Amino acid sequence: MNNGGMSFGKESLSVPASQLAGAAGLLLLVWVLLLYTAAYFHAPGIPQAKTAPLSPATSDWRAVMGEIAEQDGELTVAGFNDSGEAFLIWELDSIDAGDWPVLNLSVENFPLNYVLMLAWKTRIDGEDHFSRLQVPRGGRQTYLLSRLDDWTGRVGEVALYLHPQPQTSPPLALDHPITIRSVSLGPDSWPARGRALLTSWFAADPWEMMSPSSLGIYPDIDEGIRFTPMVFALFLATLVVAGQTLNLARATQWIRLGGVLLIVTVLAMQLRWMAGLADQRAASNALYAGLDDPQAALKLYDADLVELTLAARDVLPPPPQARVFIGADARFFRLRAGWHLRPHNVMTFLPGEDIGGVDQVRPGDYLFLYRRQDLMEQAREGRLRAGRLLASVDLLLDRGDGGLLRFVRPGD
């Protein structure tokens, strides 16, 4: 600001206060129109709210997993089952999904490393349908269920399913009950669509299914236009309105104004990203703060696999003298077992069943098993058949459905 003007070139630009106020009003109008446009394309049709929301009483809920209780008139999840899960069902009098396409939800004390899913059952197919929701943070979150293909027909049950983040987090014992302050189904409306967009843009971003052996995503309810395109649409609208208000005529003036607005926009997005990173760090600290590597390993979601690999290490000769094949009930756990067993000479497949056959196995090779009760029962009899593999074996470590065995005579 210089003598009542603004400098975007060699000369100062003097803009009356009334013109600045008009520009601010115009810019606000443009922003509102952009948000309404996003809301319009956010769900099919035009919102026509005609009925009040449908809300369950605390007594309307029942738990088929975990424990629920009533506290100060609110529903609480007091504990999980042994797998760290809770499944809460709200039975309805068969509503038409098309009349109730909006879900409003407010939950407090939700674990940072947990997943919240919406489940429902329709009268048409009787099947359970699931869709993941953003991690709750205490305030009201809104979702447009009309964006889901399976939200249709007559709905007889709605449920909330809580479980640990797949392949990243262990089951938890709750230090504090999870409070479900409110749940409701409502009609489509402009405010609901706007809240759904805000839920998508500003919800917490938890650790996903990422590990040394697996990369992937579990998408939330698709909330339409993403945050980044909307922010840059607002940036362009601001640039045009501000440039016209300041009567910018030179290209250098437009470049300077655009540079300033772009820096502000990027900083705002960076702050939002840093807030999400802070949530992720808080989730990690809640699980692993103050623990050394061996202690932290036993807090992983596959702590039983860690314990089994530690026991196997005590039996195996020093690495890399022996070859260790791995058999498990899923490829993911074969890869995880290989990660935990290294630097042993590991091969994350079971010959004869996954890759190759008996010709790959030599006397003295080892086989590590996890969640393979069928093969462990055979190993206790001293013989093993897995696909094309038939071998005499010695059982060296027996932990129920997992353990370690050594091949004596492959092909025998």
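Described below are features of the structure shown in this document. (Residues numbered from 1 in each chain as written. Predicted model: local features only at pLDDT ≥ 70, side-chain atom pairs only at ≥ 80, totals over all residues. Heavy atoms only, no water.)

1. As for the nonpolar core
By size, the foremost hydrophobic cluster in this structure holds 34 residues, and its most contacted members are Trp 151, Val 158, Leu 160 and Leu 185. Listed by contribution, the elements that provide at least two residues to this core are strand E5 (74–79), strand E6 (86–96), strand E7 (102–108), strand E8 (114–122), strand E11 (154–164) and strand E12 (178–186). For this core, the element with the most residues is E6, which contributes 5 residues. Contact partners of Trp 151, with chain neighbours within four places excluded, come to Ala 97, Trp 100, Pro 101, Trp 120, Leu 145, Ser 146, Val 158 and Leu 185. By size, the runner-up hydrophobic cluster in this structure holds 20 residues, among which are Ala 312, Phe 333, Leu 341 and Tyr 366. (Core = buried A, V, L, I, M, F, W, Y, C linked by side-chain atoms within 4.5 Å. Buried < 20%, exposed > 50% of the residue type's maximum accessible area, 1.4 Å probe, protein only. Helix = DSSP H or I, 4+ residues; strand = E, 2+ residues; numbered from the N terminus. Contact = heavy atoms within 4.5 Å.)

2. Brief notes about the packing of helix H6 (residues 303–315) against helix H7 (residues 331–341)
At their nearest, the axes of H6 and H7 sit 10 Å apart, and the two run at 50 degrees to each other. Taken together, the axes of H6 and H7 are oblique relative to one another. You can see that H6 and H7 cross each other, and the crossing is right-handed. Where H6 abuts H7, its residues Leu 305, Val 306, Thr 309, Ala 312 and Arg 313 lie against Phe 333, Arg 336, Ala 337, His 340 and Leu 341. (Axes fitted to C-alpha atoms, helices over the stretch in contact; angles between N-to-C directions. Parallel < 35°, antiparallel > 145°, perpendicular 65-115°, else oblique. Left-handed = near helix turned anticlockwise from the far one by under 90°.)

3. Some details on unusual backbone geometry
Looking along the chain, the bond that leaves Pro 319 and enters Pro 320 is cis, with omega of 0 degrees. Inspection of the secondary structure assignment puts Pro 320 in the loop between H6 and strand E15 (323–328). Residue Pro 343 follows Arg 342 across a cis peptide bond; omega there is 20 degrees. In this fold, Pro 343 is placed in the loop between H7 and strand E16 (345–347). Of note in this structure, Asp 72 is not a glycine but carries a positive phi near 55 degrees. Among the structural elements, Asp 72 can be located in the loop between strand E4 (67–71) and E5. The exposure class assigned to Asp 72 is exposed, which follows from its relative accessible area of 74%.

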